[in-house]
Amino acid sequence: MHSDVRVRFAPSPTGMLHLGGLRMALYDYIYARQQGGTFILRIEDTDQTRFVEGAFENVVETLAAMGIDYDEGPGREGDCGPYVQSQRLPIYRKYIDQLVASGHAYPCFCSKERIESVRERQRAAKQDPRYDGLCRSLDPAQAQRRIDEGEEYVVRLAMPQQHTFVFYDKIRGKVEIDAAQVDDQVILKSDGFPTYHLAVVVDDHLMRISHVFRGEEWLPSAPKHIFLYEALGWKPPIWVHMPLILSPEKGKLSKRHGDFSVSAFRDKGYLREALVNFVALLGWHPKGDEEIFGLERMVKEFSFKRVNKAGAVFDITKLDWMNGQYLRSLPLDNICDEARPFFEAAGLPTDGERYIKAVAEARGRVSRLEQIADEARVFFEAPRFAAAAREALAADTAPTVLQWWLAHLDTDNRDAVNDLVKRGIEETGVKGKRFYFPVRLALYGSPHGPDIPALIDVLGIEEARRRFQLALDINK
Ligand code: GLU
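Asker: Can you tell me about the overall build of the protein, naming the residues and giving the values?
Answerer: Within the protein one finds 19 helices and 11 strands. In summary, the protein has a C-alpha radius of gyration of 32 Å against a globular reference of 23 Å for 476 residues, an excess of more than 25%. When the backbone C-alpha atoms are referred to their principal axes, the protein occupies close to 105 × 50 × 35 Å. Counting every position in the protein, which comprises 476 residues, the buried fraction comes to 49%. Working note: accessible area of the protein is about 23,000 Å², and carbon and sulfur atoms make up 49% of it.

Here it is in structure tokens:
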């Protein structure tokens, strides 16, 4: 199946890819795959002052790690490249000149200081700060002379002063924005780079983008884009403004709420499957109550009708819950691979049977891999007992129980150990907690935790016997 649906993810390399970016890339990907279309990655690096070293590589690596492959983009050239905006400057220049020639844009020579003082005056008069249009009325020939003489300038859009922009958004339906709210947007900066507004329109057109998924924060910019499409005689794409991601207090999600880069979440031990599942649900939901589903199902079931208009609150407890679900349900091999760096960082071994068994046991007890090495440490290092535990191990019938195990433990097979537990209760005459607690305390360091057959299975006969002996010797 091949269709004309072409969507793009267009991050600016101003930082590491964050969960909001991942969500947008995911919706692009899902929609492209569902429609048999093409998914494009375009790097929007026209704001050179905000460029962050390594951000581009991070986007590419993170998308690959999340299983979100693009069809065209840097390193996968199609027929619309280059896919990095800083490599497309002559293309933008051509359209900027065209806009100036047709009177839809004009050069502006105002200094930063002048613009600031205009804004200050407007703020004092309780008006929205905006450019006052001084250079709009310059004679074009005179403006050209000033440019030729090397004077610094920008190019601004000559936005209509009285107009209502009407357009359709796939999620919100008909949207109307009054021109009074729209500034004479700069489209070419004095450094020769276009701004987002010009570059996005030119590139979406030249790259034959059919649907633009972007954050709701771009909705107020749509009139500038419509104006550009009309001025250039092009047809706009279908806009899909996705709901904002909100903080738990329902405000803007910001750095203050933590590091939202996908890498930071990976470092804490959130799994790819959980992150993808979680961000997909920020603003969209398939039919039914189920919350756990993978990419394939999203591709099958995604529909615009089920995208919310209201912002989606970022709920970390839900992500933790989801991650826990995936930690338990994904193949053990996967989790062993994912857990390895965390064990290594904690100085624990990652080879041999005990590693696999320890991961199998501990994955059910944590919600993030960051916690798994701590949880599993006791399987590699004998517990250290505090005073209360020492007392408990020496008190009452505890030594009898421990002695019994030392004398009879000859298997680490779970069923056989289960039989041993029953036999031990019979033979020692010690029941319930008084039997279980000292055993678990000796093997695991806590009276509560995995059941005895599981503990002995992970530790093996030798290590279990060693721990019974240590517990018996504790007060010697
Ligand atoms: N470069 C813009 C951003 O990173 C993309 C907006 C869009 O998708 O049009 O927010």
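Asker: Let's hear about the environment of Gly 432: which residues, and what values?
Answerer: As for its placement among the helices and strands, Gly 432 is situated in helix H18 (residues 432-444). As for Gly 432 and Gln 403, which are separated by 29 residues in sequence, their C-alpha atoms are 17 Å apart.

Asker: Describe the pattern of salt bridges, listing the residues and the values that go with them.
Answerer: Taken as a whole, this structure holds 32 salt bridges when the rule is applied. In this structure, Glu 338 and Arg 266 form a salt bridge, with 4.0 Å as the shortest nitrogen-oxygen distance. Linking Glu 338 in helix H12 (residues 332-345) with Arg 266 in helix H8 (residues 262-267), this pair joins segments that are 72 residues apart in sequence. Owing to a relative accessible area of 25%, Arg 266 belongs among the partly exposed residues under this scheme. Here Arg 340 makes a salt bridge to Asp 337, at a shortest N to O gap of 3.2 Å. Placement of the pair is Arg 340 and Asp 337 together in helix H12, with a separation of three residues, close to one helical turn. Overall, Arg 340 belongs to the partly exposed group, its relative accessible area being 28%. Taken together, the shared-partner salt bridges in this structure form one network comprising Arg 8, Arg 42, Glu 44, Arg 88, Asp 203 and Asp 204.

Asker: Tell me what's going on with the site of the ligand, and back it up with residues and numbers.
Answerer: Residues in close proximity to the ligand include Arg 8, Ala 10, Pro 11, Ser 12, Glu 44, Tyr 196, Val 200, Arg 214 and Trp 218, which together make up its full environment. The side chain of Arg 8 places a nitrogen or oxygen atom 2.8 Å from an oxygen atom of the ligand. Within the side chain of Ser 12, one N or O atom sits 2.9 Å away from a nitrogen atom of the ligand. In the complex, 80% of the free accessible area of the ligand, which totals 300 Å², lies under the protein chains. Looking at side-chain class alone, the shell around the ligand contains five nonpolar, one polar and three charged residues.

Asker: Any chance you could break down the sheet that holds strand E3 (residues 105-108) for me, citing the residues and the numbers?
Answerer: Where strands meet in a sheet, backbone hydrogen bonds hold them as pairs that are either parallel or antiparallel. Here we have three strands laid out as an open sheet, ordered E3-E4-E7, and antiparallel in their pairing. Each edge of the open sheet carries a strand with a single partner, namely E3 and strand E7 (186-188). Across the sheet, the mean angle from the axis of one strand to that of its neighbour is 40 degrees, orientation sign disregarded. Of the strand pairs in this sheet, strand E4 (residues 154-157) and E7 are connected by two bridges, and their pairing is antiparallel. Bridge pairing links Val 155 to Leu 188 in E7.

Asker: How would you explain the pairing of strand E1 (residues 6-9) if you had to name every residue and give the values?
Answerer: Along E1, one buried face is formed by Arg 6 and Arg 8 and the opposite face, lined by Val 7 and Phe 9, is buried too. Bridge count for E1 against strand E2 (residues 38-41) is four bridges, and the pairing is parallel. Across the sheet, residue Val 7 finds its bridge partner in E2, namely Phe 39. Assessed by its sense of winding, the connection that carries the chain from E1 through helix H1 (residues 19-35) to E2 is right-handed.

Asker: Tell me about the packing of H12 against helix H13 (residues 352-362), and name the residues and values.
Answerer: Where H12 meets H13, the closest approach of the two axes is 10 Å, and the angle between their N-to-C directions is 100 degrees. Between H12 and H13, the angle is such that the two are roughly perpendicular. Contacts from Leu 332, Ile 335, Cys 336, Ala 339, Arg 340 and Phe 343 of H12 reach H13 at Tyr 355, Ile 356, Val 359 and Ala 360. Classifying every residue of the contact of H12 with H13 by side-chain character gives nine nonpolar, no polar and one charged.

Asker: Report on the nonpolar core, specifying residues and quantitative values.
Answerer: Membership of the largest hydrophobic core comes to 103 residues, with the highest contact counts inside it found for Phe 213, Phe 379 and Trp 405. A per-element tally of this core places H1 first, with 10 residues. Look past the residues within four positions of Trp 405 in its chain and what remains in contact with it is Val 417, Leu 420, Val 421, Phe 435, Val 439, Ile 452, Ile 456 and Phe 468. Formed by 42 residues, the second largest nonpolar core is a distinct cluster that contains Tyr 83, Phe 109, Leu 157 and Leu 228.

Asker: Got a sec to walk through H1? Specific residues and values, please.
Answerer: Here H1 spans 24 Å end to end across 17 residues, near enough to the 24 Å set by a 1.5 Å rise per residue. Counting buried positions over the 17 residues of H1 gives 13, a clear majority of the element. Of the residues one or two after H1, Gly 36 is the one with positive phi, at around 65 degrees.

Asker: Go over unusual backbone geometry with me, naming the residues and quoting the values.
Answerer: Cis geometry is adopted by the peptide bond preceding Pro 82, which originates at Gly 81 and carries an omega value of -5 degrees. The backbone of Lys 126 sits at a positive phi, close to 60 degrees, despite the residue not being glycine. Tracing the backbone shows Lys 126 in the loop between helix H4 (112-124) and helix H5 (140-148). Classification of Lys 126 by relative accessible area gives exposed; the value is 77%. Positive phi values are uncommon outside glycine, yet Arg 208 reaches one of about 55 degrees. Assignment of secondary structure puts Arg 208 in the loop between helix H6 (196-206) and strand E8 (211-215). Classification of Arg 208 by relative accessible area gives partly exposed; the value is 42%.

So, how was this worked out
Residues numbered from 1 in each chain as written. Predicted model: local features only at pLDDT ≥ 70, side-chain atom pairs only at ≥ 80, totals over all residues. Heavy atoms only, no water. Helix = DSSP H or I, 4+ residues; strand = E, 2+ residues; numbered from the N terminus. Rg over C-alpha atoms; globule rule 2.2 N^0.38 Å. Buried < 20%, exposed > 50% of the residue type's maximum accessible area, 1.4 Å probe, protein only. Areas by Shrake-Rupley, 256 points an atom, 1.4 Å probe, with all protein chains shown as cover. Salt bridge = Lys/Arg side-chain N within 4 Å of Asp/Glu carboxyl O. Near = heavy atom within 4 Å. Polar contact = N/O pair within 3.5 Å; in protein donor to acceptor, adjacent residues only side chain to side chain. Nonpolar A, V, L, I, M, F, W, Y, C, P; charged D, E, K, R; others polar. Pairing = 2+ DSSP bridges. Axes fitted to C-alpha atoms, helices over the stretch in contact; angles between N-to-C directions. Right-handed = clockwise from strand over helix to strand, strands pointing away. Parallel < 35°, antiparallel > 145°, perpendicular 65-115°, else oblique. Contact = heavy atoms within 4.5 Å. Core = buried A, V, L, I, M, F, W, Y, C linked by side-chain atoms within 4.5 Å. Expected span 1.5 Å × (residues − 1).

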